[in-house]
Amino acid sequence: MVIIESVIAVQHTWHSVASLRKIWIAAAPSTPLIDFALGFQAFADDKRFRLVFQNVSETIFLGGSINVSSYPILKIPRSSKANFGATKMELTLTRPDDWHLHLRDGDLLAAVAPYSAKHFGRAIIMPNLRPPVTTTAAAVAYRESIMKVVPDGSDFNPLMTLYLTDKMGPDEIKLARESGVVYAVKLYPAGATTNSQDGVTDLFGKCLPVLEEMAEQKMPLLVHGEVTDSNVDIFDREKVFIETVLQPLIQKLPHLKIVMEHITTADAVSFIESCREGTVAATVTPQHLILNRNSLFQGGLQPHNYCLPVLKRETHRQAIVSAVTSGSKQYFLGTDSAPHERRRKESSCGCAGIFNAPVALSLYAQVFEEAGALDKLEAFTSFNGPDFYGLPRNTAKVKLAKQPWKVPGHLAFNFGEIVPMFAGETLDWQTSS
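Given the structure is predicted, the values throughout are model-derived calculations rather than measurements.

What follows deals with the overall build of the protein. Helix and strand counts for the protein stand at 12 helices and 18 strands. Buried residues in the protein amount to 55% of all 433 residues. Counting only contacts in the protein whose residues sit at least 6 apart along the sequence, the fraction spanning at least 24 positions is 69%. Of the roughly 18,200 Å² of accessible surface on the protein, 50% is carried by carbon and sulfur atoms.

Here is the structure:
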């Protein structure tokens, strides 16, 4: 349950109560609204919200019969009416996990790892290094490198993955499961994205024994869902991948757990929701929830908005937002934070990838707030992922405050600069602990 520990008090405008009003409307869209004391919005039927004033022993109900079991509890700090307008909104969430993260290696790893460790308890680490992480031994060594640069006192836990190749054998999957370090295997179609040149070329032939062993071991297959055929339009590659790879795959191996990574289209939403819950799921990035393909070209070419899968048209973005904020358990947080040095992004052949680790939680909160679904944010960020992977939920908490802050224009390191997502812009939500 999302607990809103304090709320923006009324200033006699719709704007000041818009976020709360959206929460209530989302919880019961057919329920009429009335105004009551202090101007907040409340339900006019028997499903009422409970307002709990801190430092006050009694709970104040707003008349009628009470049914609050399915709704957020709103806590308002005790203060005089004159001070209500200064109160800020905060969300307390179970510590989130990032189920799709690129940390790179070397100096870049040391630079970016602290940003993810600050916000997330665990992260699924992508294996597309040079050379790729194709063995359990390599995954263990990579994890050790990550732990060396995680800040002191952090409990961040990197969950490692293997890079699927045509040469991998079933025995490697058994080793991976026994290691206690490797949690999934990543499918990159050869040439689909950064460092994917060693990816799969024969999924249903050479890779089939590995996939069968993964199903036996209940080890998820993480899929970059795009075909690489140059004759297929880049904006259609996800749709074609679903039709030609994913649908045949789930028919052949119905018990194989699959995560379709960083979905970008209404086609992917339809596919996910046609599959059995607990077997097929999807990660969703902040960029694909907030940006559409216009964001690549507005005001000139925008290299820092370039990622793969590429941003799609607005209708697809809206479909993904609707799916993610619906409360479905088949979607969970995966930032796909993918840092590159500025000079490699702003070049004649710029790299694909958006570094969003410093802003991801702020942006997810923005999306859910705008959709009137803040009460569903915690499940997306903190519950659905570990439930799918069969891991315990985190017990620590984090707080997000409705407090504007400006994203740095760039982050400077000894090797160069990294430009974060929404560099130089002001965001509404900020982590406060």
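Having seen the model, we can carry on.
Quick look at the packing of aromatic side chains now. Following the criterion strictly, the structure yields 10 aromatic pairs and no others. By the ring-pair criterion, three or more aromatic residues cluster together here, those being Trp 99, Phe 332, Phe 388 and Tyr 389. The lysine or arginine in question, Lys 257, covers the ring of Phe 388, its NZ or CZ lying 4.0 Å from the ring centre. Over the ring of Phe 383 we find Arg 393, and its NZ or CZ is 4.0 Å from the ring centre.

We now examine the pairing of strand β9 (residues 157-163). Burial within β9 is extensive, with six of its seven residues counted as buried. Sheet topology places strand β8 (residues 122-125) next to β9; three bridges connect them, and they run parallel. Looking across to β9, one finds that Ala 123 is bridged to Pro 158. Pairing analysis gives four bridges linking β9 to strand β10 (residues 182-187), with the strands arranged parallel. Each residue of the ladder has a partner; that of Met 160, found in β10, is Val 182.

Further remarks concern the packing of helix α2 (residues 106-119) against helix α3 (residues 136-149). Two elements in contact, α2 and α3, have axes whose closest approach is 9 Å; the angle formed by their N-to-C orientations is 65 degrees. Compared by their axis directions, α2 and α3 come out roughly perpendicular. α3 is crossed by α2, and the crossing has right-handed handedness. Side by side, α2 and α3 meet where Leu 109, Ala 110, Ala 113 and Pro 114 of the first sit next to Tyr 142, Ser 145, Ile 146 and Val 149 of the second. Considering only residue class, the contact of α2 with α3 consists of seven nonpolar, one polar and no charged.

Before going further, it helps to spend a moment on the pairing of β10. In terms of residue burial, β10 counts as a mostly covered element, since five of its six residues are buried. For the crossover that starts at β9, traverses helix α4 (residues 170-179) and ends in the parallel β10, the hand is right-handed. Direction of pairing for β10 relative to strand β11 (residues 221-223): parallel, over a ladder of three bridges. Directly across from Lys 186, in β11, lies its bridge partner Leu 222.

This part takes up the packing of helix α7 (residues 266-274) against helix α9 (residues 314-324). Contact geometry of α7 with α9 gives a least axis separation of 8 Å together with a crossing angle of 30 degrees. In this view, α7 runs roughly parallel relative to α9, as classed from their interaxial angle. From α7, Ala 266, Asp 267, Val 269 and Glu 273 reach across to α9, where they touch His 316, Ala 319, Ile 320 and Ala 323. Grouping the amino acids of the contact of α7 with α9 by side-chain chemistry returns five nonpolar, one polar and two charged.

Okay, the pattern of salt bridges next. Considering all chains together, one arrives at nine salt bridges under this definition. The closest approach of N and O atoms between Asp 375 and Lys 376, which form a salt bridge, is 3.7 Å. Asp 375 gets classed as partly exposed once you look at its relative accessible area, which sits at 22%. Residue Arg 393 pairs with Asp 387 through a salt bridge whose shortest N-O separation is 2.8 Å. Overlapping salt bridges bring together Arg 342, Glu 346 and Glu 417 as one network.

The biggest cluster of nonpolar side chains holds 102 residues, and the ones touching the most others in it are Leu 164 and Tyr 331. Take this core: its biggest share by element is seven residues, from helix α11 (residues 360-370). If sequence neighbours within four positions are ignored, Tyr 331 has contacts with Ile 263, Val 269, Ile 272, Glu 273, Ala 282, Val 284, Ala 323, Val 324, Phe 380 and Asn 384. Counting 14 residues, the second largest nonpolar core, distinct from the first, contains Leu 159, Tyr 188, Leu 222 and Leu 391.

The next subject is α11. Most of α11 sits out of view: 10 of its 11 residues are buried. In the stretch just after α11, Gly 372 is the one whose phi turns positive, near 65 degrees.

Turning to helix α12 (residues 377-389), a few remarks are in order. Here α12 is 13 residues long and its end C-alpha atoms lie 19 Å apart, about the 18 Å a rise of 1.5 Å per residue gives. A maximum bend of about 45 degrees is found in α12 at Phe 383, where proline Pro 386 lies one to four positions downstream. The element α12 is largely enclosed, with a buried count of 11 among its 13 residues. Positive phi appears at Gly 390, one or two residues downstream of α12, with a value of about 75 degrees.

With respect to the helices and strands, Glu 341 occurs in the loop between β14 (331-333) and α10 (342-345). For Glu 341, a relative accessible area of 16% corresponds to the buried category. There is a polar contact of 3.0 Å between the side chain of Glu 341 and the side chain of Arg 343. Discounting residues that sit within four places of it in the chain, Glu 341 has contacts with Phe 415 and Glu 417.

This brings us to the confidence of the model for the protein. When pLDDT is averaged across the protein, the result is 84; 78% of the residues are at 70 or more. Long-range and interchain partners of residues 23-86, a stretch whose pLDDT sits below 50, account for 119 contacts in this model, where long-range means more than four residues apart.

Definitions and limits used
Residues numbered from 1 in each chain as written. Predicted model: local features only at pLDDT ≥ 70, side-chain atom pairs only at ≥ 80, totals over all residues. Heavy atoms only, no water. Helix = DSSP H or I, 4+ residues; strand = E, 2+ residues; numbered from the N terminus. Buried < 20%, exposed > 50% of the residue type's maximum accessible area, 1.4 Å probe, protein only. Contact = heavy atoms within 4.5 Å. Areas by Shrake-Rupley, 256 points an atom, 1.4 Å probe, with all protein chains shown as cover. Phe/Tyr/Trp six-rings, centres within 6.5 Å; stacked < 30°, edge-to-face > 60°. Lys NZ or Arg CZ within 6 Å of the ring centre and 35° of its normal. Pairing = 2+ DSSP bridges. Axes fitted to C-alpha atoms, helices over the stretch in contact; angles between N-to-C directions. Parallel < 35°, antiparallel > 145°, perpendicular 65-115°, else oblique. Left-handed = near helix turned anticlockwise from the far one by under 90°. Nonpolar A, V, L, I, M, F, W, Y, C, P; charged D, E, K, R; others polar. Right-handed = clockwise from strand over helix to strand, strands pointing away. Salt bridge = Lys/Arg side-chain N within 4 Å of Asp/Glu carboxyl O. Core = buried A, V, L, I, M, F, W, Y, C linked by side-chain atoms within 4.5 Å. Expected span 1.5 Å × (residues − 1). Bend = angle between axes of the 7 residues up to and from the residue. Polar contact = N/O pair within 3.5 Å; in protein donor to acceptor, adjacent residues only side chain to side chain. pLDDT = per-residue confidence, 0-100.

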